[in-house]
Amino acid sequence: MKIKLASLFALAGLALATSQSQAESLVDGSAEAGKAKSQICTACHGTEGNSSNAQWPNIAGQNAPYLLAQLTAFKNGSRKDPLMSSQAMMLSDEDMANLAVYFESLPAAAQAIANEDLLSRGEALYRGGNKEDETSACMACHGPTGRGNPAAKYPALQGQHAAYTAKQLNDYADAARTTDGKTRIMQDIAASLDKEDIAAISSYVQGLK
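Rules used throughout
- Residues numbered from 1 in each chain as written.
- Predicted model: local features only at pLDDT ≥ 70, side-chain atom pairs only at ≥ 80, totals over all residues.
- Heavy atoms only, no water.
- Helix = DSSP H or I, 4+ residues; strand = E, 2+ residues; numbered from the N terminus.
- Buried < 20%, exposed > 50% of the residue type's maximum accessible area, 1.4 Å probe, protein only.
- Contact = heavy atoms within 4.5 Å.
- Areas by Shrake-Rupley, 256 points an atom, 1.4 Å probe, with all protein chains shown as cover.
- Axes fitted to C-alpha atoms, helices over the stretch in contact; angles between N-to-C directions.
- Parallel < 35°, antiparallel > 145°, perpendicular 65-115°, else oblique.
- Nonpolar A, V, L, I, M, F, W, Y, C, P; charged D, E, K, R; others polar.
- Polar contact = N/O pair within 3.5 Å; in protein donor to acceptor, adjacent residues only side chain to side chain.
- Arc of directions from axis to C-beta.
- Phe/Tyr/Trp six-rings, centres within 6.5 Å; stacked < 30°, edge-to-face > 60°.

Turning to the overall build of the chain, a few remarks are in order. The helix and strand inventory of the chain stands at 11 helices and 0 strands. Ordered by position in the sequence, the α and β elements of the chain form the string α-α-α-α-α-α-α-α-α-α-α. A buried classification covers 49% of the 209 residues belonging to the chain. Relative to all contacts within the chain whose residues are 6 or more apart in sequence, the contacts with residues 24 or more apart total 73%. Of the accessible surface of the chain, which amounts to about 10300 Å², a share of 55% is contributed by carbon and sulfur atoms.

Here you go:
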């Protein structure tokens, strides 16, 4: 099933109106307590949530509702990863909320577009989708600058490593990543993209600010 452009276009308005820079987090947690607990996260995600390994995601500035949802998914087994699943199992609900709020409070990474040769294609797909097969534009859910939509638990993409984004899109396309009902949206969209499309989008979002 293709995701129609019209079916998600209305979400663009909500995404445009929502910003990570909101005064208060939508998750009830303590950034201070999260910082104290964050040492377990630094080996992969960096001391302030910006990973030096492009295979591991930057989580600084990621919205807390999305972070909490993913930690919960890793803990309950609906999303699986050898490293994250084992780490999440050791966290309480309070720990996860605190960590989500803490990393949300940190400044997101600023990176350049990964491949300038893919700029036009990546920008066109991110902002306009593919009218030929009616695949929705990425910005409909993730916003024009990639800041995501905390209320809907749609993640921020700005500054994310291109390699990590490409892996997630490929995992969605192959149905290797399945978490919840909203994941089906990404599975359908990713399945409509070819390898060059995925490379272009991933490169483009890395440079979003």
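The subject of this paragraph is the packing of helix α7 (residues 119–128) against helix α11 (residues 195–206). α11 packs onto α7 with a crossing angle of 90° between their chain directions and a minimal axis gap of 8 Å. Put simply, α7 runs roughly perpendicular to α11. For the pair α7 and α11, the contacting residues are L119, R121, G122, E123, L125, Y126 and R127 in the first and E196, D197, A200, I201, Y204 and V205 in the second. The residue inventory of the contact of α7 with α11, partitioned by class, reads 7 nonpolar, 1 polar and 5 charged.

Another aspect to go through is the packing of helix α9 (residues 162–173) against helix α10 (residues 183–191). Orientation of α9 relative to α10, taken along the N-to-C sense of each, is 95°, at an axis distance of 7 Å. Here α9 lies roughly perpendicular to α10, going by the angle between them. For the pair α9 and α10, the contacting residues are L169, Y172 and A173 in the first and T183, M186, Q187, A190 and A191 in the second. Class assignment for the residues of the contact of α9 with α10 results in 6 nonpolar, 2 polar and no charged.

Inspection of the secondary structure puts S202 in helix α11. Since its relative accessible area comes to 1%, S202 is described here as buried. In terms of polar contacts, S202 uses its side chain to reach the backbone carbonyl oxygen of I198, at 2.7 Å. Ignoring anything within four residues of it in the chain, the contact list for S202 reads A162, T165, A166 and L169.

Those residues of α7 that sit buried are G122, L125 and Y126. The buried side chains of α7 occupy one side of the element, clustering within an arc of 95° when seen end-on. Residues of α7 that are buried make contact with α8 (139–142) and α11. In the segment just after α7, G129 is the residue with positive phi, at about 65°.

Turning to the environment of G122, a few remarks are in order. With respect to the secondary-structure elements, G122 resides in helix α7. Sequence separation of G122 and A200 is 78 residues, and the distance between their C-alpha atoms is 4.3 Å. Among all residues touching G122, those that are not within four sequence positions of it are A200, I201 and Y204.

Phi angles above zero are rare outside glycine, and E134 is one such case at about 60°. Mapped onto the secondary structure, E134 falls in the loop between α7 and α8. Non-glycine residue K153 carries a positive phi angle of around 65°. Examined against the element boundaries, K153 turns out to sit in the loop between α8 and α9. For K153, a relative accessible area of 45% corresponds to the partly exposed category.

A word on the packing of aromatic side chains. Using the criterion set out here, one finds 2 aromatic pairs in the structure. Consider the rings of Y126 and Y204, whose centres lie 5.6 Å apart with planes at 50°: the pair is tilted. Here Y126, found in helix α7, pairs with Y204, found in helix α11; they are 78 residues apart in sequence, far enough to count as distant. When sorted by exposure, Y126 lands in the same class as Y204, which is buried.

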